Amino acid sequence: MDKATVKKVATLARLAITEAEQEKFATQLGGILKWVEMMGEVNTDNVEPLANVVNIDLKLRPDIVNDGDIRDAVLANAPEALEGFFVVPKVVE
Amino acid sequence: MTNLTHLNIAQALEGLKKKEFTSVELTQAHVKATEEFRHLNAYVTETSELALKQAAESDARRAKGQVGLLEGIPLAIKDLYCTKGVRTTASSRILDNFVPPYESTVSGNLFRDGAVMLGKTSLDEFAMGSSNTTSAYGNVISPWKRNNGDNADLVPGGSSGGSSAIVAARAAMGATGTDTGGSIRQPASFTGIAGIKPTYGRCSRWGIIAFASSLDQAGPFARTVEDCALMLRSMAGYDPKDSTCADRPVPDYTAALTGNVKGLRVGIPKEYNVEGLSPEIAKLWDQGKDWLKSGGAEIVDISLPHSKYALPVYYIIAPAECSSNLARYDGIRYGVRAEGESLNDVYMNTRAQGFGDEVKRRIMIGTYVLSAGYYDAYYTKAQKIRRLIAEDFARAFEKCDVILSPTAPSAAFAIGENQDDPIKMYLNDVFTIPASLAGLPGMSVPAGLDSQGLPLGLQIIGKAWDEETVLRTGHFVETAANFTAMPQMLMKKAA
Amino acid sequence: MAQILKGETGDWEIVIGMEVHAQITANSKLFSGASTDFGGAPNTHVSLVDAAMPGMLPVLNEMCVEQAVRTGLGLNAQINLHSEFERKNYFYPDLPQGYQISQYLHPIVGKGEIEIDLPDGSVKKIGITRLHLEQDAGKSIHDQHPTKSYVDLNRSGCALMEIVSEPDIRDADEACAYLAKLRMILRYLGTCDGNMEEGSMRADVNVSVRRPGAALGTRCEIKNVNSLKAVQMAIDYEARRQIEIIEGNGAIVQETRLWDPAKGETRSMRSKEDAHDYRYFPDPDLLPLELKHDWVGQIKETLPELPDQKKHRFMLSYGLSAYDSSVLIAEKVRADYYETVAQGCDAKLAANWVINELLGILNKDGKAITESPIGAANLGQLIARISDSTISGKIAKDVFAEMYATGQTADSIIEGKGLKQVTDTGAIEKIVDEVIAENPDNVAAYKSGKDKLFGFFVGQVMKKSQGKANPDMVNDLLKKKL
Ligand SMILES: [Mg+2]
Ligand SMILES: [Zn+2]
């Protein structure tokens, strides 16, 4: 994994990253990716991917309003809030 | 009066019942021990005042005849469980100031049953680690020392290292942990206590900060298997707020501790005899087989052919899920926000300053393996091998009822060791991760000491939903091993 | 006919596919119990799940699943008994989780098809590629503060159906007809209110151009097209823009563009540029959704009659034209109104009265049919009185006006104002005699061959009878007596 890839991935993940860190992570992440390549030894033809191991059915919720109206709790931890809104630096579209 | 902090939970419940002491007295003793062991750095947040208040309430309930399953028992809660009105950090700078206005289902279950909370224990940041050295609040130190006189500070294991350290130090009667790839079993093994990760879906994940959602599972630490059984009974159960939580009755797990393993088929996976397995651990494993055999159990050779690939599979799937789970920490609705000129700068700086290196590594690996062009080679491939690993277990369980293995490939190491190379650290979980990927229950029971006087655990893996057989086997091994060693720090204190 | 655009270098054909986001009619959100009500104070219809607090988990709303299935059936589409939720990952302040829970590889509804009605009266089939369930985002407000944006999560987590069409649409008229028909179907089904102004139905339009019959060109996705008029304008603008680029030897860049209604143009959305690696993967908090065949069958049984079925039935059983049928079925309440009117009277006459008289005046007054002062049964009564010759068509119009103004029944107005047609031969004969006696000059002129004067006599008789004389009888008697 090269520094450019690390930078691209960091940007996609919204992590500011210094030059020095790019270098460090390139080595470490490259090492991990090389290590996981051993998965290639396994023949997985005709194997379905497994996303969830729990052998239960998905339960559905009745369409009832039983939540919300807790604005104070929702905003309690906000770094910046005003007039009931969360506040962020202006987004220019 | 006996030393209250040396009682186990079952004994304390008996003492409370017989009015030998009150919950306030029991809690006070543990608050005092908390202070004495503050240098272990096991807690991110101590809640002694709250504990004493809860203890007084518990005593009042008991006086009225309202006695829950864990009435008056002081416990520690891993700081990954959101606790209403009590700061919850996941040991991350990014949540330094986060006070949840809600209680996680599992901690709520414990309080419903009368438990008292001593504090919020430290962990590897967002539960990512096996040594508790990635916490933003500093390393947690194990109460154990090597007997070689080097006096090195040892890791308590991870990620639930604060919980394992504080229970081992007899400063909490039990603690909650979470286990994604071994984060209950490995620290239990490192600190000479018992811990069980139940079947995925047995405990609700609601209100527990997510690391890797398809693997995360809550479970207890305690000093005996019986105490684990008591705690798990409270913690487990259906929760309609978690779609992956099973609507199944929770058995009385203590009833499973019969001491009888006659006819039990115990599988020994040949692939766990990994190259370089320390002779001491191999010997302990053999010892475990012998104990079970002498109890009338049948030892069965089994094969889990894809075990070797479990670690790489885990280190694809867990980071993939965590890269998405941790996207919500953006400094907008909660947590610590870093300044930035644009919104994008706020995101980039908040996350760069808020997350430690291990978390960043995993977020980046996860982001990479899910991104266009790499998805199939890494993520889909890992999911396919995950199926093969689950099928390995299913096939093995046609031949056996439980599987016995070492919990970890080594005893606890010193803080600073294994730090240079992430992969070396990842190898700690080589025996615990396969069961995690298959969603199976697994427990670690203290079974012996290595030549340096450090505890070693044996792992028992069971069939899905069959925690009872796991606990029964664990209880038998525990009894046979008669593990009475105490951390050196406690012995020093007693002396 | 699909429009062919003339370029500098020859003909061009537009190819359009639509992605419509329709908000599902349900009380609570897709994965939480917070209300979906529109217009609450900021962040009041928000649960801890909608705000993506740490450790919060989604639980699927069964009504939303039912509505998606119902819609799929209404679009004549394949219902997938196995579907999966995946996470679409990107950062935006109104997306609290940092991902949208959506469906990607395994949507709940697969291929379907609807018919659209074109302005020239022809009908065209448009393929539906898929329909999937997903969460709506919150709302960022940018104009309240010079350096800040405000975030309101009330919409966050509301259930959406994303309905994707095949690139079967060939011009702006077809695109509008498609949207109108889709909205009609959703409203008939009761699965979405179709209100584009409030944003409960939003269209993204994919536009590309090509030489007629050639392979597909590179497309641009236009967002924020929030009315039928905007769809029309945005497509016309975008097609022209693309043709100009290609004819100028440029190449179209596949991108997301924003429709700017103030400037009447589309422009590139740079913010979306690095967001296109969405890293979809199965949401580990949700298990696959498995539907039972019987359950889908039950929903199918409760499906209402849909617009096209209704249209064909109106043509067949009421003998109406395709056009009249289309007008009447445009809204379900309108079709229901018509059918009540037609119950007790001539169906074709009823269609004329509903379309020309009633819809005309309602439209003029800006009233919905549900606000009509004339009830459907009442209008039916009025039309029946024409058919049974109680009143003439001309008088009926006066009665209609009175009914509209007062809300009274047709019979009570006819009775009260004595508007009943005179059909008594003696009475009419008497008036005829009077008119003949009063106009000897005209009688003489008529008899000498001035046939046109017949109308004059009819008019005089009708006038004397205050319009109540039966016109046929007046004709017969005049002919006999003159
Ligand atoms: Mg789209
Ligand atoms: Zn969408």
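Relevant structure appears above.
Only a predicted model underlies this, so the values are computations on that prediction, with no experimental measurement involved.

*Asks:* Looking at this structure, I do not really get the overall build of chain B. What am I missing?
*Replies:* Looking only at helices and strands, chain B has 16 helices and 11 strands in total. The C-alpha atoms of chain B give 21 Å as radius of gyration, which agrees with the globular expectation for 495 residues (23 Å, within 12%). Taking the principal axes of its C-alpha atoms as reference, chain B extends roughly 65 × 50 × 50 Å. Counting across all 495 residues of chain B, residues that qualify as buried make up 69%. A separation of at least 24 residues holds for 78% of the contacts in chain B among residues at least 6 apart in sequence. For chain B, the exposed area adds up to about 14900 Å²; of that, 49% sits on carbon and sulfur atoms.

*Asks:* Honestly, the overall build of chain A in this entry has me stumped. Any pointers?
*Replies:* When its secondary structure is counted, chain A shows three helices and two strands. Start at the N end of chain A and walk to the C end: the helices and strands fall as α-α-α-β-β. Taken over the C-alpha trace, chain A has a radius of gyration of 23 Å; the compact-globule value for 93 residues is 12 Å, which it surpasses by more than 25%. Expressed along its principal axes, the backbone C-alpha trace of chain A runs to roughly 55 × 45 × 25 Å. When the accessible surface of chain A is totalled, it reaches about 4900 Å², and 51% of it is carbon and sulfur.

*Asks:* Looking at this structure, how should I read the coordination of the zinc ion (ligand 2)?
*Replies:* Tetrahedral metal sites with four donors have an ideal angle of 109.5 degrees; octahedral sites with six donors have ideal angles of 90 or 180 degrees. Residue and element names in this part refer to chain C. Looking at the zinc ion (ligand 2), the protein donor atoms are H21 (NE2), E134 (OE) and E162 (OE), and they sit 2.0 to 2.1 Å from it. Donor residues for the zinc ion (ligand 2) sit on one chain with the sequence pattern H-x112-E-x27-E. In this structure, the zinc ion (ligand 2) is positioned 4.4 Å from the magnesium ion (ligand 1). With H21 in strand β2 (residues 10–23) and E134 in strand β7 (residues 123–135), the pair connects residues that are 113 residues apart, well separated along the chain. Accessibility classification places H21 together with E134 in one group, the buried group.

*Asks:* Would you take a moment to explain the interface of chain A and chain B for this structure?
*Replies:* Think of interface size as the accessible area that goes away when the parts come together; that is how it is often given. The partner chain B presents 68 residues to the 53 residues of chain A that form the contact. Taken over both partners, the interface formed by chain A and chain B buries close to 5200 Å², and the fraction arising from carbon and sulfur atoms is 71%. Counting the contacts that link chain A with chain B gives five salt bridges. Between A:E21 and B:K360 there is a salt bridge, with the nearest N and O atoms lying 3.8 Å from each other. Inspection of the region where chain A meets chain B yields 19 residue pairs in polar contact (both at pLDDT 80 or more). Counting residues per element, the ones that place at least two in the side of chain A that touches chain B are α1 (3–12), α2 (19–36), α3 (71–75) and β2 (85–89) of chain A. Sorting elements by how many residues they give to the side of chain A that touches chain B places α2(A) first, with 10 residues.

*Asks:* What is the right way to read the packing of helix α2 (residues 23–36) of chain B against helix α3 (residues 48–63) of chain B from this model?
*Replies:* Pairs of packed helices are described in terms of their axes, by the angle between the two and the distance that separates them. Residues and elements named next belong to chain B. Viewed as axis vectors pointing N to C, α2 and α3 meet at an angle of 160°, and their least axial separation amounts to 8 Å. Comparing their axes, α3 and α2 come out roughly antiparallel. Both α2 and α3 take part in a crossing whose hand is right-handed. Contacts between α2 and α3 involve S23, V24, T27, Q28 and V31 from the former and S48, A51, L52, A55, A56, S58 and D59 from the latter. Residues of the contact of α2 with α3, tallied by class, amount to six nonpolar, five polar and one charged.

*Asks:* What is the right way to look at the packing of helix α1 (residues 62–74) of chain C against helix α4 (residues 293–301) of chain C in this model?
*Replies:* Residues and elements named next belong to chain C. Packing of α1 against α4 brings their axes to within 10 Å, and their N-to-C directions diverge by 65°. For the pair α1 and α4, the crossing hand works out as right-handed. Counting all contacts with α1, which are made through V65, E66, V69, R70 and L73, the residues of α4 involved are W295, V296, I299 and K300. Class assignment of the residues belonging to the contact of α1 with α4 gives a composition of six nonpolar, no polar and three charged.

*Asks:* So what exactly am I meant to see when it comes to unusual backbone geometry here?
*Replies:* It is generally the case that most residues other than glycine have a negative phi and that most peptide bonds are trans. Omega for the peptide link from B:G158 to B:S159 comes to 10°, which places this bond in the cis form. Following the sequence through the fold, B:S159 ends up in the loop between β3 (116–121) and α5 (161–168). In this structure, C:N76 takes a positive phi of about 55° despite not being glycine. Its place among the elements puts C:N76 in the loop between α1 and β3 (82–83). Unlike most non-glycine residues, C:N224 shows phi in positive territory, near 70°. For C:N224, the position within the fold is in strand β12 (residues 220–225).

*Asks:* What exactly am I supposed to notice about the interface of chain B and chain C here?
*Replies:* Listed by partner, the interface residues are 36 residues for chain B and 29 residues for chain C. For the pair chain B and chain C, the summed buried area comes to about 2700 Å², and 60% of that belongs to carbon and sulfur atoms. Looking only at chain B, the three residues that lose the most surface to chain C are B:S243, B:R328 and B:R333, adding up to 22% of its buried area. In this structure, B:R205 engages C:D285 in a salt bridge whose closest nitrogen and oxygen atoms are separated by 3.1 Å. Inspection of the region where chain B meets chain C yields 17 residue pairs in polar contact (both at pLDDT 80 or more).

*Asks:* Where do I start with the nonpolar core in this structure?
*Replies:* Grouped burial of nonpolar side chains is what soluble globular proteins tend to show. Membership of the largest hydrophobic core comes to 195 residues, with the highest contact counts inside it found for B:I73, B:F126 and B:F393. When residues in this core are grouped by element, the largest group, 10 residues, is from helix α9 (residues 310–325) of chain B. Those residues in contact with B:F393 that sit more than four places away from it in its chain are B:Y272, B:L304, B:I403, B:P434, B:A435, B:A438, B:L440 and B:I461. With 118 residues, the next largest nonpolar core counts C:I24, C:I169, C:Y178 and C:C345 among its residues.

*Asks:* How should I be thinking about the environment of B:L16 in this particular structure?
*Replies:* Residues and elements named next belong to chain B. Mapping L16 onto the fold places it in helix α1 (residues 9–17). The buried category is assigned to L16, whose relative accessible area is 2%. Each C-alpha atom, one on L16 and one on R62, is 8.9 Å from the other, the two residues being 46 residues apart in sequence. When near neighbours in sequence (up to four residues on either side) are disregarded, L16 contacts F21, T22, S23, L26, R62, E71, G72 and I73.

*Asks:* What is the right way to read the sheet that holds strand β4 (residues 86–89) of chain C from this model?
*Replies:* All names here are of chain C. Reading across from one edge, β5-β4-β15 is the order of the three strands in this open sheet, with antiparallel pairing throughout. Whereas interior strands pair on both sides, the edge strands pair on one side only; in this sheet they are β5 (99–102) and β15 (281–282). Looking at chain direction, β4 and β5 are connected through four bridges and run antiparallel. Directly across from K88, in β5, lies its bridge partner Q100.

Analysis parameters
Residues numbered from 1 in each chain as written. Chains lettered and ligands numbered in written order. Predicted model: local features only at pLDDT ≥ 70, side-chain atom pairs only at ≥ 80, totals over all residues. Heavy atoms only, no water. Helix = DSSP H or I, 4+ residues; strand = E, 2+ residues; numbered from the N terminus. Rg over C-alpha atoms; globule rule 2.2 N^0.38 Å. Buried < 20%, exposed > 50% of the residue type's maximum accessible area, 1.4 Å probe, protein only. Contact = heavy atoms within 4.5 Å. Areas by Shrake-Rupley, 256 points an atom, 1.4 Å probe, with all protein chains shown as cover. Donors = N, O, S within 2.8 Å, 3.2 Å for Na, K, Ca; no water. Buried area = accessible area lost by both parts, 1.4 Å probe. Salt bridge = Lys/Arg side-chain N within 4 Å of Asp/Glu carboxyl O. Polar contact = N/O pair within 3.5 Å; in protein donor to acceptor, adjacent residues only side chain to side chain. Axes fitted to C-alpha atoms, helices over the stretch in contact; angles between N-to-C directions. Parallel < 35°, antiparallel > 145°, perpendicular 65-115°, else oblique. Left-handed = near helix turned anticlockwise from the far one by under 90°. Nonpolar A, V, L, I, M, F, W, Y, C, P; charged D, E, K, R; others polar. Core = buried A, V, L, I, M, F, W, Y, C linked by side-chain atoms within 4.5 Å. Pairing = 2+ DSSP bridges.

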